[in-house]
Amino acid sequence: MALLVIPQLQVMAQTSPPPDPSSDYELSFSSEPVNISPLRSQDILPSQSGTASTQEQLLAAPSFNEVISRELPQLWRMRVPTEDVPDLVAQYTITTSNENGNPFLNVTLEPLDIREVSSDPNTSTTVVEGGVRLLFGDAFKTGNAGSYQGQISVCVKRNDSSCL
């Protein structure tokens, strides 16, 4: 499990990848909480340029991004037999407190591709890593400043098998 922290919807980028696991099918995570980068104005209001040729165009409401995303590309690592690598899939769930305005309550988790980090031909094993994209639909509309956190659970499987 990885712990996420989001103070006032601002957090910093993950600084170091998780360590390589020492045994097969062992998930490893960074020892520090994962922090997410702060909101920027362009996350909410995309930069737009152009000219208005009518008063209606000039006074039209600006368009806002409906989803703000953050990627955690190196959330976990696992050592697996090399022949298992093409069949690996990761599933993510998030748990959080039910605090009013907690942006993690409405986050959607989108798995990123699992990548090979290194291979050991002597043991026929490969270290792979994976991550997740967090999609905040209403995160900037909460209006509640503060520190928020959630826990992401990771299940790595070979296609339709149970968690490894």
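Residues numbered from 1 in each chain as written. Predicted model: local features only at pLDDT ≥ 70, side-chain atom pairs only at ≥ 80, totals over all residues. Heavy atoms only, no water.

Here we look at the overall build of the protein chain
When its secondary structure is counted, the protein chain shows two helices and nine strands. Looking at the protein chain residue by residue over its 164 residues, the buried ones come to 34%. Of the contacts made within the protein chain by residues no fewer than 6 positions apart, 76% connect residues no fewer than 24 positions apart. (Helix = DSSP H or I, 4+ residues; strand = E, 2+ residues; numbered from the N terminus. Buried < 20%, exposed > 50% of the residue type's maximum accessible area, 1.4 Å probe, protein only. Contact = heavy atoms within 4.5 Å.)

Side note on the confidence of the model for the protein chain
Within the protein chain, residue pLDDT values average 81, and 83% of them lie at 70 or more. Across the protein chain, strand β7 (residues 115-120) holds the top mean pLDDT of 95, while strand β1 (residues 2-7) sits lowest at 47. (pLDDT = per-residue confidence, 0-100.)

Comments concerning the environment of R77
Note on placement: R77 falls in strand β4 (residues 68-81). For the pair formed by R77 and V128, sequence separation is 51 residues and the distance between their alpha carbons is 5.5 Å. With residues up to four places along the chain from it excluded, the contact list for R77 reads P17, P18, P19, D20, P21, E26, L27, S28, V117, V127, V128 and E129. Side chain to side chain, R77 and D20 meet in a polar contact 2.8 Å long. (Polar contact = N/O pair within 3.5 Å; in protein donor to acceptor, adjacent residues only side chain to side chain.)

So, the nonpolar core
Within the largest apolar cluster, 23 residues are counted, with the highest numbers of intra-cluster contacts made by L72, L75, W76, Y92, V132, L134 and I152. Among the elements of the structure, β4, β5 (88-96), β6 (107-111), β8 (125-136) and β9 (147-158) are those that each provide at least two residues to this core. Ranked by residue count, the leading element in this core is β4, at six residues. (Core = buried A, V, L, I, M, F, W, Y, C linked by side-chain atoms within 4.5 Å.)

Quick word on the pattern of salt bridges
Counted by the stated rule, this structure contains six salt bridges. When the shortest N-O distance is used, the salt bridge between R133 and E110 registers 2.1 Å. One end of the pair, R133, is in strand β8; the other, E110, is in strand β6, with 23 residues separating them in the sequence. Taking the shortest distance from any N to any O, the salt bridge between R115 and E129 comes out at 3.2 Å. Remark: E129 occurs in strand β8 and R115 occurs in strand β7; sequence separation between them is 14 residues. Residue R115 is classed as partly exposed on the basis of its relative accessible area of 30%. Bridged by salt links that share partners, the residues D20, R77, R115 and E129 form one connected network. (Salt bridge = Lys/Arg side-chain N within 4 Å of Asp/Glu carboxyl O.)

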